[in-house]
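If you want the building blocks of each chain, they are given just below.
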Amino acid sequence: MATPMLRWCCPGRRWIFAGIGGGSRHGRGVPTGSTSSGKKGQSSVAQQPLITAQKPRKGEREWAAVVGLEIHAQIASNSKLFSGSQVDFAAPPNSLVSFFDASLPGTLPVLNRRCVEAAVMTGLALDCHINRKSLFDRKHYFYADLPAGYQITQQRLPIAVNGSLAYSVCVGKRWSQMVTRTVGVKQIQLEQDSGKSLHDNLRSQTLIDLNRAGVGLLEVVLEPDMSCGEEAAAAVRELQLILQALGTSQANMAEGQLRVDANISVHHPGEPLGVRTEVKNLNSARFLAKAIDYEIQRQISELENGGKILNETRSFDYKLGCTVPMRDKEGKQDYRFMPEPNLPPLLLYDSGSLPTGADPQQVIDIDQLRERLPELPRVTREKLVRQYGMLPEHSFALLNEVGLLEFFQNVIKETRAEPKKVTSWVLNTFLGFLKQQNLAVSESPVTPSALAELLDLLDRKAISSSAAKQAQCVKTRKNSILIKGGLPPHLQPHLTVSGGRKVPGTQRTLTNKHPEG
Amino acid sequence: MWARAVWLGLRASAGGRRGFPSKAAHQGSRRVTAELIEHLERLALVDFGSQEAVARLEKAIAFADRLRAVDTDGVEPMESVLEDRCLYLRSDNVVEGNCAEELLQNSHRVVEEYFVAPPGNISWPKLDEKEPFSHR
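Model, not experiment: these values are computed from the prediction.

Draft legend 1. Representation of the overall build of chain B. When its secondary structure is counted, chain B shows five helices and three strands. Helices and strands appear in chain B in the N-to-C order α-α-α-α-β-α-β-β. Across chain B, the fraction of contacts at a sequence separation of at least 24, relative to all contacts at a separation of at least 6, is 63%.

Draft legend 2. Representation of the packing of aromatic side chains within the structure. Residue and element names in this part refer to chain A. Tallied over the entire structure, the rule returns eight aromatic pairs over all chains. Ring centres 5.6 Å apart and planes at 80° place the aromatic pair Phe-82 and Phe-136 in the edge-to-face group. Of this pair, Phe-82 sits in the loop between strand S3 (61–74) and strand S4 (111–112) while Phe-136 sits in the loop between strand S6 (133–134) and strand S7 (137–140); the two residues are 54 residues apart in sequence, bridging distant segments of the chain. The exposure class assigned to Phe-82 is buried, which follows from its relative accessible area of 2%. These aromatic residues form a ring-pair network of at least three members: Tyr-141, Tyr-335 and Phe-337. Positioned above the aromatic ring of Tyr-335 is the side chain of Lys-139, whose terminal nitrogen or guanidinium carbon lies 4.4 Å from the ring centre. Directly above the aromatic system of Phe-396 lies the positively charged group of Arg-381, at a separation of 4.0 Å from the ring centroid.

Draft legend 3. Local environment of the interface of chain B and chain A. Contact with chain B, which involves 41 residues of that partner, is made by 54 residues of chain A. Taken over both partners, the interface formed by chain B and chain A buries close to 4,100 Å², and the fraction arising from carbon and sulfur atoms is 57%. Between the two partners, chain B and chain A, sit zero salt bridges. Listed by contribution, the elements that provide at least two residues to the side of chain B that touches chain A are helix H3 (34–44), strand S1 (89–90), helix H5 (100–104) and strand S3 (114–117) of chain B. Taken together, the residues of the side of chain B that touches chain A break down into 21 nonpolar, nine polar and eleven charged. Here three bridges tie strand S12 (residues 205–209) of chain A to S3(B), and the two strands are oriented antiparallel to one another. Looking at S3(B), one finds that Leu207(A) is bridged to Val116(B).

Draft legend 4. Expanded view of the nonpolar core. Residue and element names in this part refer to chain A. Among the nonpolar cores identified, the biggest contains 74 residues, and Leu-69, Val-116, Leu-190, Leu-222 and Ile-292 are the most heavily contacted of them. With residues up to four places along the chain from it excluded, the contact list for Ile-292 reads Val-67, Leu-69, Cys-228, Gly-229, Ala-232, Ala-262, Ile-264 and Leu-282. With 30 residues, the next largest nonpolar core counts Tyr-388, Phe-408, Ile-412 and Val-446 among its residues.

Draft legend 5. Structural view of the UniProt feature "domain: Asn/Gln amidotransferase" (unreviewed entry) in chain A. UniProt annotation of "domain: Asn/Gln amidotransferase" (unreviewed entry) refers to residues 406–470 of chain A when read in the numbering used here. Between the first and last C-alpha atoms of residues 406–470 of chain A the distance is 24 Å; the span itself is 69% helix and 0% strand.

Draft legend 6. Representation of the packing of helix H5 (residues 377–388) of chain A against helix H7 (residues 404–414) of chain A. Residues and elements named next belong to chain A. Viewed as axis vectors pointing N to C, H5 and H7 meet at an angle of 25°, and their least axial separation amounts to 13 Å. In terms of orientation, H5 and H7 fall into the roughly parallel class. The handedness of the crossing between H5 and H7 comes out as left-handed. Judged by residue contacts, Thr-380, Leu-384 and Tyr-388 of H5 engage Leu-405, Phe-408 and Ile-412 from H7. Residue classes in the contact of H5 with H7 are distributed as five nonpolar, one polar and no charged.

Draft legend 7. Spatial organisation of the state of the cysteines. Within the structure shown, the criterion is met by zero disulfides over all chains. Between Cys115(A), a free cysteine, and Cys128(A), which holds the nearest cysteine sulfur, the sulfur-to-sulfur gap is 18 Å.

Draft legend 8. Here's a closer look at the sheet that holds strand S11 (residues 196–200) of chain A. One open sheet accounts for four strands, arranged S11(A)-S12(A)-S3(B)-S2(B); its pairing is antiparallel. What marks the edges here is a single partner per strand, and that holds for S11 of chain A together with strand S2 (110–111) of chain B.

Draft legend 9. Representation of the side chain of Glu70(A) within the structure. Structurally, Glu70(A) can be placed in strand S3. In terms of polar contacts, Glu70(A) uses its side chain to reach the side chain of Asn263(A), at 3.4 Å.

Draft legend 10. View of the environment of Glu340(A). You can see Glu340(A) is positioned in the loop between strand S18 (338–339) and strand S19 (346–347). Separated by 66 residues in the primary sequence, Glu340(A) and Glu406(A) place their C-alpha atoms 45 Å from one another.

Draft legend 11. Summary view of the sheet that holds S18(A). Residues and elements named next belong to chain A. Taking strand neighbours across the sheet as the criterion, the three strands line up as S8-S7-S18 in an open arrangement whose pairing is antiparallel. Two strands close off the open sheet at either side, each with one partner strand: strand S8 (150–153) and S18. Where S7 and S8 come together, four bridges link them in antiparallel fashion. Looking at the pairing, Arg-138 lines up with Ile-152 of S8.

Draft legend 12. The pattern of salt bridges, seen in detail. All names here are of chain A. Under the criterion given, the structure shown has 22 salt bridges over all chains. Note that Glu-117 and Arg-113 form a salt bridge whose closest N and O atoms lie 3.0 Å from each other. Of this pair, Glu-117 and Arg-113 both sit in helix H1 (residues 113–125), separated by four residues, roughly a single helical turn. Each member of the pair, Glu-117 as well as Arg-113, is classed as buried. Measuring nitrogen to oxygen at the nearest pair gives 2.5 Å for the salt bridge that ties Arg-156 to Asp-137. Residue Arg-156 is located in the loop between S8 and strand S9 (160–170), and its partner Asp-137 is located in strand S7; the two are separated by 19 residues in the primary sequence.

Draft legend 13. A look at the environment of Tyr318(A). Along the chain, Tyr318(A) turns up in the loop between strand S16 (313–317) and strand S17 (322–325). It is 30 Å that separates the C-alpha atoms of Tyr318(A) and Ala245(A), two residues lying 73 residues apart in sequence.

Draft legend 14. Fine view of the pairing of S11(A). Residues and elements named next belong to chain A. In terms of strand pairing, S11 meets S12 through five bridges, oriented antiparallel. Looking at S12, one finds that Leu-198 is bridged to Leu-207. Taking the residues between adjacent antiparallel strands as the criterion, S11 and S12 are bridged by four residues, where Ser-204 takes a positive phi near 50°.

Draft legend 15. Structural detail: the packing of H1(A) against helix H2 (residues 229–246) of chain A. Residue and element names in this part refer to chain A. Following both chains from N to C, one finds H1 and H2 inclined at 130°, their axes separated by 10 Å at the closest point. Judged on the interaxial angle alone, H2 and H1 are oblique. Helix-helix and strand crossings are classified by hand; for H1 and H2 the assignment is right-handed. Where H1 approaches H2, its residues Met-121, Thr-122 and Ala-125 are matched on the opposing element by Ile-242, Leu-243 and Leu-246.

Quick notes on the rules
- Residues numbered from 1 in each chain as written.
- Chains lettered and ligands numbered in written order.
- Predicted model: local features only at pLDDT ≥ 70, side-chain atom pairs only at ≥ 80, totals over all residues.
- Heavy atoms only, no water.
- Helix = DSSP H or I, 4+ residues; strand = E, 2+ residues; numbered from the N terminus.
- Contact = heavy atoms within 4.5 Å.
- Phe/Tyr/Trp six-rings, centres within 6.5 Å; stacked < 30°, edge-to-face > 60°.
- Buried < 20%, exposed > 50% of the residue type's maximum accessible area, 1.4 Å probe, protein only.
- Lys NZ or Arg CZ within 6 Å of the ring centre and 35° of its normal.
- Buried area = accessible area lost by both parts, 1.4 Å probe.
- Salt bridge = Lys/Arg side-chain N within 4 Å of Asp/Glu carboxyl O.
- Nonpolar A, V, L, I, M, F, W, Y, C, P; charged D, E, K, R; others polar.
- Pairing = 2+ DSSP bridges.
- Core = buried A, V, L, I, M, F, W, Y, C linked by side-chain atoms within 4.5 Å.
- UniProt positions renumbered as here; feature names shortened; annotations may be inferred.
- Axes fitted to C-alpha atoms, helices over the stretch in contact; angles between N-to-C directions.
- Parallel < 35°, antiparallel > 145°, perpendicular 65-115°, else oblique.
- Left-handed = near helix turned anticlockwise from the far one by under 90°.
- Disulfide = S-S within 2.5 Å.
- Polar contact = N/O pair within 3.5 Å; in protein donor to acceptor, adjacent residues only side chain to side chain.

This is the structure we're talking about:
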């Protein structure tokens, strides 16, 4: 049998599977509903945007993939959702745990105001309808890191519904061909995080740390409007930027502050949706698109070979680069949702409905929060394009790196050079230099003033472009040589900083300036 | 409102004796099967130790089914007896925690400030692997 070949027939995400005798219609599963929170059953024919495709060869049939996402973002708050213990990423095990978090009898949940505000702000930023009344429920399942045996969530009536998230993907080969797509936001709900399990396979036991148990999460459910890994990754990236701009979550995937589960199915265009699988443990931006695309390919291969797709939960194995069925998930989960009996409905107000004489600490005014919303990334980018005449993809690049926008704006303030020149220099030469030295913007030895000065010289044609580039590099090495006190190169030790990065030369500068490292 | 609903229910069952049994027959025909018991035991980790316990469950279901006799068309369900209460909002301050030692005392096994649990959930034996339940 010839090796099956998977072809992308166009940027619009139609998948073609070319195998021998392809085109037979076996193995299509029955679409199933699910008891998991908030997910709609995929039982209708999908509306796929029809983008011009190559004509499929005889015997081939097109496949279309459908991807929905459930994104959990840890709320940036001092204390947890229902208790007053601290939220912190690194602390001694079980030191940030209150009696409620440990689920000791007699404890009750008390809602954190900041978490509600975070949810409302996120809902407003994503154009959602904010439910004036929302309810809390219990979702039951047994696991050692869930001491209560249930998670408090909002299944029946979440705090925000029916929004949308606009993101950009590049179509075609060049980065400059960007199109804007939209994905529907089904709902946003408040829920508790679980503790952490550390599996000790050697001694056949699991170690439980409840520091994370009870931390507030925003679950953002994205409709299955996406059709491949790249779109999903772009949507997640944009959501990350929005959450960071709002300050509602630091959304750092590496620290587990942003976790993504994907619901993936494939079908032939025009036919009903296929059986969906859920892929969990997508905790890295790098592997998000890969994992989703792998699963799409796996499902297509399976169906083309006459197999069936099971409505199961799978996990992404980073080492093997593939999805594997998860243990401990026998059949469909029945969460036995019930209203949380210890919490009354959550009521939100706006300027028109604020109860008179109410304690301001006890009421949340949606209109007030809307007025105080920070500028969203989309708006920032539009402003950059308008103000400085840069291309849209440049505005994306400026926002994509932490601290780069601020750096750019500081340079602009101090230099007489044209904005377009500044843009080009910052994005190409400066950023390229940082990447080469493996530095973040905050660690840049070149200050905005220094760069502004350099660009002024360039602008006055006092120095050539290549000289300027050299000067940028030399400047950093000059600083470091002065401070090192002239150690010959072969005696300079390579130092590791807390992030685990070894950087020769320039890093020495920083270590000496900042003794704490 | 709750009292009124109960009163209506009682009236319905008392007054509509002829109508009621047919409803009950329709509901009651769904007996509690062994599969359902196994499913419930797995979900809730309760032990239906005997036939008597299952009979009690069936009676409880039949009792609750009588609620269906009440006509609730157009009536908003009451989700919580707290629905008229105010949900208290707490300020975002750290006031608890730092009691690892106390909490760890509750655990049967502890390793270096971690609670110790078995690796993953212990899977419930399947129906045919278990002893027939009338022998328990």
